[in-house]
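# Architecture at a glance
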Amino acid sequence: MDVKVNTMAGDESGTISLDDAIFGLEPRDDILYRVVRWQRAKKQQGTHKALQRSEISRTGAKMYRQKGTGRARHSSARAPQFRGGGKAHGPVVRSHAHDLPKKVRALGLKHALSAKAKSDSLIVVDELKVSEAKTKALLGSFDKLGIADALFIGGSEVDQGFARAASNIPHVDVLPVQGINVYDILRRGKLVLSRAAVEALEERFK
């Protein structure tokens, strides 16, 4: 498919042909769901922790004598039924990550790119550079391009001036092409790719 290329000033800078095998697929929600779930689970810290019975700092002596009190038989005050005792079956530190085949991850990225292209939420720019690293100037460029909520993907290296100017703008993320991922693509309204990013993606999926 052919897509027009813009400059950051909002002017047209020709067209670019996008590979249908990457940008022209029919998006599948099930694959996108699996990849996003895999990403979020991998990022989850899993540091929640409750003290178990053996970890409570409390005397282990028998609470009272076994017989003759008329009460139930109890031993340690660390038992879960007592106030200040351990938590029964409480959360422990663990990893929430799970495996996902490499081919499914690659397919998920293709479907995310295709979803943006199909919904007319894909913008290709000549390069992600600004004449001056000023947030106000960059906001003016965004207005010309109709961008308010977007993920910007540059080449192997992102222009530092552009990254600094965009860092103060809410709902805007800037990543090099190596950092492109399904979750960040879907969480933003627009996807803005530079020419270098398109070329790198097509080379990656050859």
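Preceding this paragraph is the structure being described.
First, a word on scope: everything that follows refers to the structure included in this document. Everything quoted here is computed from the prediction, not taken from an experiment. (Residues numbered from 1 in each chain as written. Predicted model: local features only at pLDDT ≥ 70, side-chain atom pairs only at ≥ 80, totals over all residues. Heavy atoms only, no water.)

## Looking at helix H7 (residues 195–204)
Three or more residues of H7 are buried, namely Ala197, Val198 and Leu201. Down the axis of H7, the sector holding all buried residues measures 100°, keeping them to one side. In H7, those exposed residues whose orientation departs by more than 90 degrees from the buried face are Glu199 and Glu203. On its buried face, H7 is in contact with strand E2 (12–17), helix H1 (20–23), helix H3 (102–118), strand E3 (122–125), strand E4 (150–153) and strand E6 (190–194). (Buried < 20%, exposed > 50% of the residue type's maximum accessible area, 1.4 Å probe, protein only. Helix = DSSP H or I, 4+ residues; strand = E, 2+ residues; numbered from the N terminus. Arc of directions from axis to C-beta. Contact = heavy atoms within 4.5 Å.)

## A short note on the sheet that holds strand E5 (residues 172–175)
Remark on secondary structure: sheet strands pair via backbone hydrogen bonds, oriented parallel or antiparallel. Ordered in space as E2-E1-E3-E6-E4-E5, the 6 strands form an open sheet in which the pairing is mixed. On the outer flanks of this sheet lie E2 and E5, each paired with one strand and no other. Here the strands of the sheet are splayed against their neighbours by 30° on average, with no regard to which way each runs. In terms of strand pairing, E4 meets E5 through 4 bridges, oriented parallel. Opposite Phe152, over in E5, you have Val174 as the bridge partner. (Pairing = 2+ DSSP bridges. Axes fitted to C-alpha atoms, helices over the stretch in contact; angles between N-to-C directions.)

## A word on the packing of helix H2 (residues 29–43) against H3
Between H2 and H3, the shortest axis-to-axis distance is 9 Å and the interhelical angle comes to 115°. As for the relative orientation of H2 and H3, their crossing is left-handed in sense. Across the interface between the two elements, Ile31, Leu32, Arg34, Val35 and Trp38 from H2 touch Val104, Arg105, Leu107, Gly108, His111 and Ala112 from H3. Partitioned by chemical class, the residues of the contact of H2 with H3 number 7 nonpolar, 2 polar and 2 charged. (Left-handed = near helix turned anticlockwise from the far one by under 90°. Nonpolar A, V, L, I, M, F, W, Y, C, P; charged D, E, K, R; others polar.)

## Comments concerning the environment of Lys110
With respect to the helices, strands and loops of the structure, Lys110 is situated in helix H3. Once you skip the residues sitting within four places of it in the chain, Lys110 turns out to touch Ala21, Ile22, Leu25 and Phe205.

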